[in-house]
Amino acid sequence: MTLSVAAGEIVALVGGNGAGKSTLLKSIAGLLPPRAGAIHWEGEDLARVGVHQIVERGLAMVPEGRRLFAGMTVQEHLDLGAFTPRARAVRPASLARVHALFPFLHERRRHVVRSLSGGQQQMVAIGRALMSNPRLLMLDEPSLGIAPRLVRTILTALAEINRAGVAVLLVEQNVQAALTLAHRAYVLESGRITAEGPSAALLSDAHVRRAYLGPLATRA
Ligand SMILES: Nc1ncnc2c1ncn2[C@@H]1O[C@H](COP(=O)(O)OP(=O)(O)O)[C@@H](O)[C@H]1O
Ligand SMILES: [Mg+2]
């Protein structure tokens, strides 16, 4: 089965722990070779394209656990994000956009990352990815371990990023939140896509509800 993201879409990829969601995102980002199948971006097979070139093509990933450098400042992280030639050329405009999206990152630009909360660090990670000027932003569990108020801030920001023309591929264990935000979604189980469709349809699907929207999930 094929997973696709069209320009302008928010697509959610949901599934339980160990389903293969992170592996799939890392494969798209070029951090892992695909075990089978192929990954195409605008007609090009990404198998022979290096990680840096994949970023240059317009794909950016916010990895699980954020992967920041504790002793570096907010601004240094944003600078790191604009490392490709295409991103460097539009760095001031990207920085203005990131600061407008998360004013916090401007206020705290000189603070080291270890002084920030988990949710604040997630904003840094998203900001860093946006500095590469992506057309597809992939996020791996951005709400994991983050205070509910900041989860809302981050989900609202994703909707805003999308409205500005960036496609979003969102991996989330918070299935209710992901399906509420996304236009379409895929369910991944044991490395295979077992369901796909418009978010609203999946939200009312009996199997999806039973597997992912049990009493614990719907309480959130
Ligand atoms: N398509 C696949 N086929 C076989 N094994 C897979 C596949 N995708 C992931 N795995 C393995 O399953 C485990 C969990 O994968 P991971 O991507 O971390 O899951 P998730 O992010 O959904 O929790 C890892 O050991 C990974 O190597
Ligand atoms: Mg994962």
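These lines cover the structure that appears in this document, whether it is placed above or below. Everything quoted here is computed from the prediction, not taken from an experiment. For every chain, the first residue of the written sequence is number 1, and numbering continues from 1 along that sequence. Chain A is the first chain written and ligand 1 is the first ligand written, with later ones labelled in order. Totals for whole chains, interfaces and linings use every residue, but because this is a predicted model, local features are given only for residues with pLDDT of at least 70 and side-chain atom pairs only at 80 or more, for both listing and counting. In computing side-chain properties, one takes all heavy atoms of the structure into account and sets aside hydrogens as well as water.

### Concerning helix α7 (residues 118-130)
Part 1 of the argument: Counted at 1.5 Å a residue, the expected span for α7 with its 13 residues is 18 Å, and the 18 Å between its end C-alpha atoms agrees.
Part 2 of the argument: α7 sits mainly inside the fold: 12 of its 13 residues count as buried.
Part 3 of the argument: Buried residues along α7 sit against β4 (59-62), α3 (74-81), α5 (91-101), α6 (103-107), β5 (136-140) and α8 (148-163). Counting from the N terminus, the helices are DSSP H or I runs at least four residues long and the strands are E runs at least two residues long. Helix span, expected: 1.5 Å multiplied by one less than the number of residues in the helix. Residue exposure (1.4 Å probe, protein chains only): buried if accessible area is under 20% of the type maximum, exposed if over 50%, otherwise partly exposed. Residue contacts follow a heavy-atom distance rule, with two residues in contact if any of their heavy atoms lie within 4.5 Å.

### Topic: the pairing of strand β1 (residues 10-14)
Part 1 of the argument: Along β1, 5 of the 5 residues are buried, which leaves the element largely enclosed by surrounding structure.
Part 2 of the argument: Note: β1 against strand β6 (residues 167-172), 5 bridges, orientation parallel. Note on β6: the bridge partner recorded for valine 14 is glutamate 172.
Part 3 of the argument: Note on pairing: DSSP must find at least two bridges between two strands before they are called paired. Of the pairings in the sheet, the one linking β1 to strand β7 (residues 184-189) comprises 4 bridges and is parallel in character. Pairing of valine 14 across the sheet is with valine 187, part of β7.

### Details of the packing of α3 against α7
Part 1 of the argument: It is at 7 Å that the axes of α3 and α7 come closest, and there the two elements cross at 30°. Taken together, the axes of α3 and α7 lie roughly parallel to each other. For α3 against α7, the interelement crossing comes out right-handed. Listed contacts from α7 to Val74, His77, Leu78 and Gly81 of α3 are Val124, Gly127 and Arg128.
Part 2 of the argument: Of the residues contributing to the contact of α3 with α7, the split by class is 3 nonpolar, 3 polar and 1 charged. Fitting a line to C-alpha atoms yields each axis, with helices limited to the stretch in contact; the angle taken between N-to-C directions then spans 0 to 180 degrees. Every angle not falling under 35 degrees, over 145, or within 65 to 115 is termed oblique; those three ranges are roughly parallel, roughly antiparallel and roughly perpendicular. Handedness of each helix crossing follows the sense of rotation of the near helix against the far helix: counterclockwise by less than a right angle gives left-handed, clockwise gives right-handed. Put simply, Ala, Val, Leu, Ile, Met, Phe, Trp, Tyr, Cys and Pro go in the nonpolar bin, Asp, Glu, Lys and Arg in the charged bin, and everything else, Gly too, in the polar bin.

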